[in-house]
Amino acid sequence: MKILDLYGREKPVLSLEIFPPRVDYPLETIFETLDHLQTLNPGYISVTYGAGGSNRARTVEIAARIKREYGIESLAHLTCVRHTQAEVDQILDQLAEEGIRNILALRGDLPEDDPDFDPSQQDYGFAYELINDICKKADFGVAAAAYPAGHPECPRLKDDLCNLKHKVDCGVDFLITQLFFDNRIYYDFIDKALAIKIDCPVVPGIMPVLNARSIRRTIYLCGASIPGPLLQLVDKYEHDADSMEKAGIEYASMQVDDLLTSGVPGIHLYTMNKHRQIIEIVNNVGLVK
Ligand code: FAD
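Fair warning: this is a prediction, and the values are worked out from it, not measured in the lab.

Asks: Now, about the site of the ligand: what can you tell me, with residues and values included?
Replies: Looking at the ligand, there are 24 residues lining it, with Asp-109, Ala-127, Tyr-147, Asp-160 and Lys-167 nearest. In this structure, an oxygen atom belonging to the ligand sits 2.9 Å away from a side-chain N or O atom of His-77. Asn-163 places a side-chain nitrogen or oxygen 2.9 Å from an oxygen atom of the ligand. Taken by itself the ligand offers 990 Å² of open surface, and the protein chains cover 85% of this. Sorting the residues of the shell around the ligand by element identifies strand 3 (73-79), strand 4 (102-106), helix 5 (127-137), helix 6 (157-169) and strand 6 (174-179) as the ones contributing at least two each. Here the shell around the ligand takes three residues from helix 6, the largest share from any one element. Considering only residue class, the shell around the ligand consists of 12 nonpolar, seven polar and five charged.

Here you go:
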């Protein structure tokens, strides 16, 4: 099934993102997490690719098992920046063989350790080129990433939006956003996207702040800004892990609740492979089917 059909049928769709365990961790640990997360009856589960040094082959295996063993639709992330076209072709064959019908097509981050890295000299410099190849290859459902506060490499949001429009026009079914902590950033972005006729579902991605230290790194990596009230919580509970977690769950629940009230097509939760806290948030907002 193509995930786009879900957005047409049921509203709002709950989706969850997980990442493969590092190669030195047993693969099975992720299935212990999934045993819990499946009780939420998500519309689909997405599996990241290569992020944080995870073994890329694990993405395909986990996405396949989510479909086969849990009967839940999966969305396999695929980044292209350091792949050749021949490698991508091979991965697409593998995904198709495993019955995976939906791909989140991404460029991927440029390597931090190589300042001379020039994406224009690669087979793939931007996600839209990957999207073109996926659409030529087979009838996959294709999702892509959107950045409500703008992508960190693009100095002007206006240009980033034009690039996004081009990406969508290459064959994207729906978009999932980068995390944000102030819903007004998402609502403004939707207005601007609609104004240039980006009219596919734009699903807000929400990451609960459960740990003061890790949130600083995440914000550094993705360029998201942190609003005053959340910053105060992070400062207040920096050395009180339990209270930080409780406040983070509450903040994310409020954010999701407000988004649902505004009529979003779905909620995509960055689970960070945690289940107890994610289940609590979903229960708080009454999203369990
Ligand atoms: P693109 O859409 O190609 O955009 C990258 C930059 O290029 C932007 O600044 C854009 O404005 C600019 N651009 C695009 N087209 C043009 C053009 N024609 N001319 C000039 N400039 C252009 N990373 C991982 O490694 N693994 C993952 O699993 C992963 N999952 C993610 C999931 C989501 C929902 C999100 C939001 C991000 C994810 N990322 C992941 C991070 C992502 O790979 C990075 O943010 C990356 O830097 C950009 O990828 P993209 O697909 O958005 O790139």
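Text resumes after the structure shown.
Asks: Describe the state of the cysteines, naming the residues involved and giving the relevant values.
Replies: Going through the model one piece at a time under the given rule, you end up with zero disulfides. Counting only cysteine sulfurs, Cys-170 is the nearest neighbor of Cys-135, a cysteine outside any disulfide, at a range of 7.8 Å. For Cys-135, a relative accessible area of 37% gives the class partly exposed. The cysteine Cys-200 is free of any disulfide, with Cys-170 supplying the nearest cysteine sulfur at 12 Å. Overall, Cys-200 belongs to the buried group, its relative accessible area being 12%.

Asks: Break down the sheet that holds strand 2 (residues 44-47) for me, citing the residues and quoting the values.
Replies: The eight strands are arranged 1-2-3-4-5-6-7-8 in a closed barrel whose pairing can be described as parallel. In this sheet, neighbouring strand axes are inclined to one another by 25 degrees on average, regardless of whether the strands run parallel or antiparallel. With respect to the sheet, helix 5 is in contact with strand 3, strand 4 and strand 5 (141-146), its orientation differing from that of strand 4 by roughly 150 degrees.

Asks: Any details on the pairing of strand 1 (residues 13-18)? Residues and values, ideally.
Replies: Most of strand 1 is tucked away, with six of its six residues classed as buried. Residues of strand 1 alternate between two faces, with Val-13, Ser-15 and Glu-17 on one and Leu-14, Leu-16 and Ile-18 on the opposite face, all of them buried. As paired elements, strand 1 and strand 8 (residues 266-270) share five bridges and run parallel to each other. Opposite Ser-15, over in strand 8, you have His-268 as the bridge partner.

Asks: Explain the pattern of salt bridges residue by residue, including any values.
Replies: One side chain can pair with another of opposite charge once the charged atoms of both are near each other. All told, the structure shown has 16 salt bridges when counted by the stated rule. With a shortest N-O distance of 2.6 Å, Lys-2 and Asp-139 are connected by a salt bridge. Placement of Lys-2 in the segment before helix 1 (3-9) and of Asp-139 in the loop between helix 5 and strand 5 is noted, with a sequence separation of 137 residues between them. A relative accessible area of 53% means that Asp-139 is categorised as exposed. Lys-137 is the partner of Asp-89 in a salt bridge, and the nearest nitrogen-oxygen pair spans 2.9 Å. Of the two residues, Asp-89 sits in helix 4 (residues 85-97) while Lys-137 sits in helix 5, which places them 48 residues apart along the sequence. Residue Asp-89 is classed as partly exposed on the basis of its relative accessible area of 36%. The class for Lys-137 is partly exposed, based on a relative accessible area of 30%.

About the thresholds
Residues numbered from 1 in each chain as written. Predicted model: local features only at pLDDT ≥ 70, side-chain atom pairs only at ≥ 80, totals over all residues. Heavy atoms only, no water. Near = heavy atom within 4 Å. Polar contact = N/O pair within 3.5 Å; in protein donor to acceptor, adjacent residues only side chain to side chain. Areas by Shrake-Rupley, 256 points an atom, 1.4 Å probe, with all protein chains shown as cover. Helix = DSSP H or I, 4+ residues; strand = E, 2+ residues; numbered from the N terminus. Nonpolar A, V, L, I, M, F, W, Y, C, P; charged D, E, K, R; others polar. Disulfide = S-S within 2.5 Å. Buried < 20%, exposed > 50% of the residue type's maximum accessible area, 1.4 Å probe, protein only. Pairing = 2+ DSSP bridges. Axes fitted to C-alpha atoms, helices over the stretch in contact; angles between N-to-C directions. Contact = heavy atoms within 4.5 Å. Salt bridge = Lys/Arg side-chain N within 4 Å of Asp/Glu carboxyl O.

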